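# A structural walkthrough
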Amino acid sequence: MKTVYVDNAATTAMSDRAIEAMTPYLKGVYGNPSSLHSVGQTAKEALDSARARIAKCINCEPREIYFTSGGSEADNQAIRSAAANGARKGKKHIITTVFEHHAVLHPLKKLEKEGFEVTYLDVHSNGLITAEEVAAAIRPDTALVTVMFANNEIGTIQPIAEIGKICRERGVIFHTDAVQAVGHVPVDCAALKVDMLSLSAHKFHGAKGVGALYVRRGVPLQTFVEGGAQERGKRAGTENLAGIASMAAALEEACEKMQAVSAKERELRDRLIDGLLKIPHSRLNGDRESRLPSNVNMCFEGIEGESLLLLLDAKGICASSGSACTSGSLDPSHVLLALGLPHEVAHGSLRLSLSSENTREDVEIILREVPKVVEYLRGISPVWEKLEKGEAPHLI
């Protein structure tokens, strides 16, 4: 049985180029970049090279790149830094959206307990906000605006450039969690007018456990991990050189192939959407146009998402019902609830996230198997029986 992997928003397979790039730093070039001897300096040259190559991919200066363990750490450091800097100036107001990743929402909840006020902007039913809504929420005491570039569950892409322009004009720090966007859509830090931007290697075929935070020159950054002078004193700990080398190689490859890969993914995505919408009482979550080329997020009324995933897995289809970071939770997705979906509908979600490795054959397998599984689950569901008998109203 063929395995159809369509959970690339959770993690991607490492590319051959990324594996080849990291291998020398697992064997021969094993020095500590902070050491002054020749073995250490060879490692430092590799570290500096990777930093410069990553910076070039997102149009910033190498010294504006700080390496982290991944996107969650980068989000936390950005938010805590902006909050601390704002507090020193008497600014303790932060703006975000209700459907951010928990790596943003959880630090903000902690800050609320420390006396900060957070404005959570509602998103429209299509999964988008407007720059005007951000502008209207900015106050004299606003220290930070943090809005994700592309949503990790429904793939909708926010108007980052417009928000960045407003924040720059108002003198407000702007951070974007771009973990799902970098390597998949063009990201130009200078043009977007972002002050801080988070990214993670394993979302674009690099190694797990390594990411980066872009911080615009002149924006104060707080030290996140104490104990060493690495990353210009802002993040102690010997750098994960092998992982960083893989990230640089993977990002370069992703940017080189982006146009062709996006066109292929978009074609497969649209075929999936059109086919799955033929299932009665189904809906696409999020705007159809302003979304990642790789993302399909559907809801099917009358079923439960976890059962759908387990049965699809038995047929070789690896998908998800939402964020991998909350897969252990029995609660419906906060992202889908933010769109205004009722709990009963949000529970029946399916996220399919594509990569360049997926094929038309994969799509046909999905379109053949998902309707069968949905029909089976509805057939054994007392909830669906009530809907069909008219004892309860259909919500889709």
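Time to look at the overall build of the chain. Looking only at helices and strands, the chain has 13 helices and twelve strands in total. Computed over C-alpha atoms, the radius of gyration of the chain comes to 22 Å, within 12% of the 21 Å expected from 2.2 N^0.38 for 396 residues, which places it in the range of a compact globule. The principal-axis extents of the C-alpha atoms in the chain amount to approximately 75 × 50 × 35 Å. Residues classed as buried in the chain amount to 55% of the 396 residues present. Taking the intrachain contacts of the chain between residues at least 6 apart in sequence as the baseline, contacts between residues at least 24 apart amount to 72%.

Now for the sheet that holds strand 4 (residues 117-121). What links the strands of a sheet is backbone hydrogen bonding, and the strands pair in either a parallel or an antiparallel sense. Pairing within the open sheet is mixed, and its seven strands lie in the order 2-8-7-6-5-3-4. What marks the edges here is a single partner per strand, and that holds for strand 2 (65-68) and strand 4. Taken over all neighbouring pairs, the strand axes of this sheet differ in orientation by 20° on average, direction set aside. Direction of pairing for strand 7 (residues 196-200) relative to strand 8 (residues 211-215): antiparallel, over a ladder of five bridges. Bridging across to strand 8, Leu197 finds its partner in Tyr214. Of the strands in this sheet, strand 3 (93-97), strand 4, strand 5 (142-146) and strand 6 (173-177) are in contact with helix 4 (residues 102-113), which crosses strand 4 at around 145°.

Looking now at the pattern of salt bridges. Counted under the stated rule, the structure contains 25 salt bridges. Measuring nitrogen to oxygen at the nearest pair gives 3.4 Å for the salt bridge that ties Lys315 to Glu369. Here Glu369 lies in helix 12 (residues 360-379) and Lys315 lies in the loop between helix 9 (305-314) and strand 11 (317-318), a separation of 54 residues in the sequence. Look at Lys315 and you get partly exposed, because its relative accessible area is 33%. Relative accessible area serves as the criterion here: at 9%, Glu369 is assigned to the buried category. Members of the salt-bridge network, linked through shared partners, are Lys2, Glu361 and Asp362.

Time to look at the sheet that holds strand 10 (residues 295-300). Read across the open sheet, the three strands follow the order 9-10-12; overall the sheet is antiparallel. At either end of the open sheet lies a strand with only one pairing partner, and these are strand 9 (282-284) and strand 12 (349-353). Here the average twist between neighbouring strands, direction ignored, is 20°. Sheet strands in contact with helix 9 are strand 10 and strand 12, and its direction is about 45° off that of strand 12.

Thresholds applied
Residues numbered from 1 in each chain as written. Predicted model: local features only at pLDDT ≥ 70, side-chain atom pairs only at ≥ 80, totals over all residues. Heavy atoms only, no water. Helix = DSSP H or I, 4+ residues; strand = E, 2+ residues; numbered from the N terminus. Rg over C-alpha atoms; globule rule 2.2 N^0.38 Å. Buried < 20%, exposed > 50% of the residue type's maximum accessible area, 1.4 Å probe, protein only. Contact = heavy atoms within 4.5 Å. Pairing = 2+ DSSP bridges. Axes fitted to C-alpha atoms, helices over the stretch in contact; angles between N-to-C directions. Salt bridge = Lys/Arg side-chain N within 4 Å of Asp/Glu carboxyl O.

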